[in-house]
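Residues per chain, in single letters:
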Amino acid sequence: MAAKNRPSVVDTTGKLARLRELFTKEQYNLTAYIIPSEDAHQSEYIAACDGRRGFISGFTGSAGLAIVSKNSAALFTDGRYFLQASLQLDSNWTLMKQGLPCVPTWQEYLVQELPEGSRIGIDPTLISVSEARNLSESLGKVGSSLVATDRNLVDIVWGEERPSRPAHPIIVLPIEYAGRSHTDKIASLREELAKANVYGFVVSALDEIAWLFNLRGSDIECNPVFFAYALVTKEEVALYTDAGRLTNEVKHQLGSEINFHPYEAIFNDIRGLKTTLKAENQKILLSNRASLALAQAADEGNVELNRSPLLEPKAIKNEVELEGIRQCHLRDAVAVINYFAWLEEQLALGKNLTELDGSNRLEKFRAELKDFVGLSFETISASGPNGAIIHYKPEPETCALIDPSLLYLCDSGGQYRDGTTDITRTIHFGIPTEQEKHAFTRYNLDVLARAALWKDGLDFRHGTGHGVGHYLNVHEGPHGIGTRITFNDTPLQAGMTVTDEPGYYEDGKFGIRIESVLLVCGKKTPHNFGERGYLGFEHVSMVPIQTKLIENSLLNPAERQWVNDFNAECLQKVRPLLKPHSLGLKWLEREAVSLK
């Protein structure tokens, strides 16, 4: 059953009019204004106070960028959100489907679609310095310019209704979970700064700050991070965050060598370094994703841009983190299996359950588990056609009933003190059609995720895999598997985590996705060509693949054996954790059956 009503559409006429009025103010004098999705830390997921693009456009997906000019408004987003955006945008907006032929990028749009000599405004905290430099160069070719506004114009339109920035208490992640002290991490960072011959490093990414200091927070829903900056030099380590959230435990954990300053003080402190940087003939290191505002505070001539030296150390997990990831995934499998068993029983009894009812019940199963903190993202609980909306979110007013005669896609995850989970399974509570079995088998169990799709002239509009944090962000770089150029910059290394999530989607009919988290590990091979070593994967998502959705004839013997081995491993590892004679145990024993 499809959603009961079209998702609510917000009338943006008044908001756009008020924003355009600001263009004419003498201090701005703008042709257009850019509204990114990200916050001042370039976070993928944001707090409510930073949802400016959603406020001005009505589109609530996590990825996208809005450009409002004097006469038009355009929303750019990728293939994961084409359907959602088309349902949420009102008639004031043009949807720009990024990646499709003849659709310009938002940067190209600014150059090609706006008049020459345009003044294009942006909040300098919301664009990276590297992006700003590239954009300014492109705009300059047509006499246009990028204008950093002293205030965010959308915030002015939003006014008193804009939520305040969260400042929830910060907690310590004990060494028995982190596996490495913050002092050791800081010492390693300083070694890297010395090699690079820079004065210090401004840490601006929230997950990097949390990882570096072995701290966690809850300022952004589902992401255990807190609003802060950090400055690490050869002489000082400073943490910039609101003082009221620093508990005695945090202060004791960090010790006297860490200095604390207000969140906003980072900009004045960087300005104060200018004389020192010139005297020592050194520069301050900024990540190439740090904001233009940070670079402007230091003067861009005093800044060296590079990949953050914390990216790879954070992505390559230590042995304590790896074991935590294994254990939390086993516990998480118990919750998912118990949920599927409960849902199957309720539907068999004729109960009417919405997609949101299912999502809420799954969260309750997770909440019963040891070290559970919260969800790692909002659960995608999607019945039938809603499964074709890649990042679907069931809403109370519009979500569908879960129909046992249709495919059910459930993409969910949890935050635990010993790790982060992310798992998708597509299951059927009745008898699947031949088309559903064909799509499930041919397009989701292929060793090369897109190969079978390409053979049929098809594809899916999301990456095949992403890194996963350790009790941190569910999407973690710098590595991944997919078509994005950034994924090709970083090779997989032992100790990294990565998901494997091929999918297939038919708009208006169904969506299919299987997603599991893998650990990248070294593998012994009979030979070692070039003495470079070889890598393999260890599965940690231990929920079986539903065999009644598999068309046996489409698999070769090796593929059938892989499915059988995987399901047998799920049974062997999770069965001892389920209660005897429980619905969950019965479901696991039935669903982990081998293919014939």
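Here, every reference points to the structure presented above.
As the structure is a computational prediction, the values presented were derived from the model and not from experiment.

Student: For this particular structure, what's the right way to read the pattern of salt bridges?
Tutor: Pairing between side chains of opposite charge can happen when their charged atoms approach one another. Under the counting rule described, the total for this entry stands at 31 salt bridges. Lysine 195 is paired through a salt bridge with glutamate 192; the nearest N and O atoms lie 3.4 Å apart. Placement of the pair is lysine 195 and glutamate 192 together in helix 8 (residues 182–196), with a separation of three residues, close to one helical turn. Exposure remark for glutamate 192: the relative accessible area of 36% places this residue in the partly exposed category.

Student: Any chance you could explain the packing of aromatic side chains here in plain terms?
Tutor: Here a ring pair, both rings aromatic, is described through the centre-centre distance and the interplanar angle of the planes. Applying the stated rule across the entire model yields 13 aromatic pairs. Relative to tyrosine 109, the ring of phenylalanine 76 lies with its centre 5.4 Å away and its plane at 75°, an arrangement referred to as edge-to-face. Here phenylalanine 76, found in strand 3 (residues 73–77), pairs with tyrosine 109, found in helix 4 (residues 106–112); they are 33 residues apart in sequence, far enough to count as distant. A relative accessible area of 10% places tyrosine 109 in the buried class. Judged by centre distance (5.7 Å) and plane angle (40°), the rings of tyrosine 339 and phenylalanine 340 are tilted. When sorted by exposure, tyrosine 339 lands in the same class as phenylalanine 340, which is buried.

Student: Help me understand the pairing of strand 16 (residues 380–383), please; the structure alone is not making it clear to me.
Tutor: In the case of a regular strand, side chains alternate between the two sheet surfaces. The alternating pattern of strand 16 places Ile380 and Ala382 and Ser381 and Ser383 on opposite faces, both of which are buried. Pairing geometry for strand 16 and strand 17 (residues 407–412), over four bridges, is antiparallel. Paired with serine 383 across the bridge in strand 17 is tyrosine 408.

Student: How should I be thinking about the sheet that holds strand 19 (residues 419–420) in this particular structure?
Tutor: Paired through their backbone hydrogen bonds, the strands of a sheet run either parallel or antiparallel. One open sheet holds the three strands; their spatial order is 15-18-19, and the pairing between them is antiparallel. Both edges of this open sheet fall to strand 15 (372–375) and strand 19, since each of them pairs with a single strand only. Relative to strand 19, strand 18 (residues 414–416) runs antiparallel, the two sharing two bridges. Bridge pairing in strand 19 links tyrosine 416 to glycine 419. On top of the sheet, helix 15 (residues 319–348) reaches strand 18 and strand 19; it is set at about 135° to strand 18, its chief contact. Contacting strand 15 and strand 18, helix 16 (residues 355–367) runs over the sheet at an angle of about 165° to strand 15.

Student: Can you help me understand the environment of glutamate 378 in this one?
Tutor: One can find glutamate 378 in the loop between strand 15 and strand 16. Along the primary structure glutamate 378 and serine 412 are separated by 34 residues, whereas in three dimensions their C-alpha atoms are 7.1 Å apart. In contact with glutamate 378, other than residues within four places in its own chain, are Glu221, Cys222 and Lys393. Only 3.2 Å separates the side chain of glutamate 378 from the side chain of lysine 393, close enough to count as a polar contact.

Student: Would you mind going over unusual backbone geometry with me for this structure?
Tutor: What you tend to see is this: most non-glycine residues have negative phi, and most peptide bonds are trans. A cis amide bond links glycine 477 with the next residue in sequence, proline 478, at an omega value of 10°. Along the chain, proline 478 falls in strand 22 (residues 476–481). Positioned with a positive phi, asparagine 214 is a non-glycine residue whose angle comes to about 55°. Locating asparagine 214 in the fold gives a position in the loop between helix 9 (206–213) and strand 9 (215–216). Unusually for a residue other than glycine, aspartate 299 sits at a positive phi of about 75°. Given a relative accessible area of 33%, aspartate 299 falls into the partly exposed group.

About the criteria used
Residues numbered from 1 in each chain as written. Predicted model: local features only at pLDDT ≥ 70, side-chain atom pairs only at ≥ 80, totals over all residues. Heavy atoms only, no water. Salt bridge = Lys/Arg side-chain N within 4 Å of Asp/Glu carboxyl O. Helix = DSSP H or I, 4+ residues; strand = E, 2+ residues; numbered from the N terminus. Buried < 20%, exposed > 50% of the residue type's maximum accessible area, 1.4 Å probe, protein only. Phe/Tyr/Trp six-rings, centres within 6.5 Å; stacked < 30°, edge-to-face > 60°. Pairing = 2+ DSSP bridges. Contact = heavy atoms within 4.5 Å. Axes fitted to C-alpha atoms, helices over the stretch in contact; angles between N-to-C directions. Polar contact = N/O pair within 3.5 Å; in protein donor to acceptor, adjacent residues only side chain to side chain.

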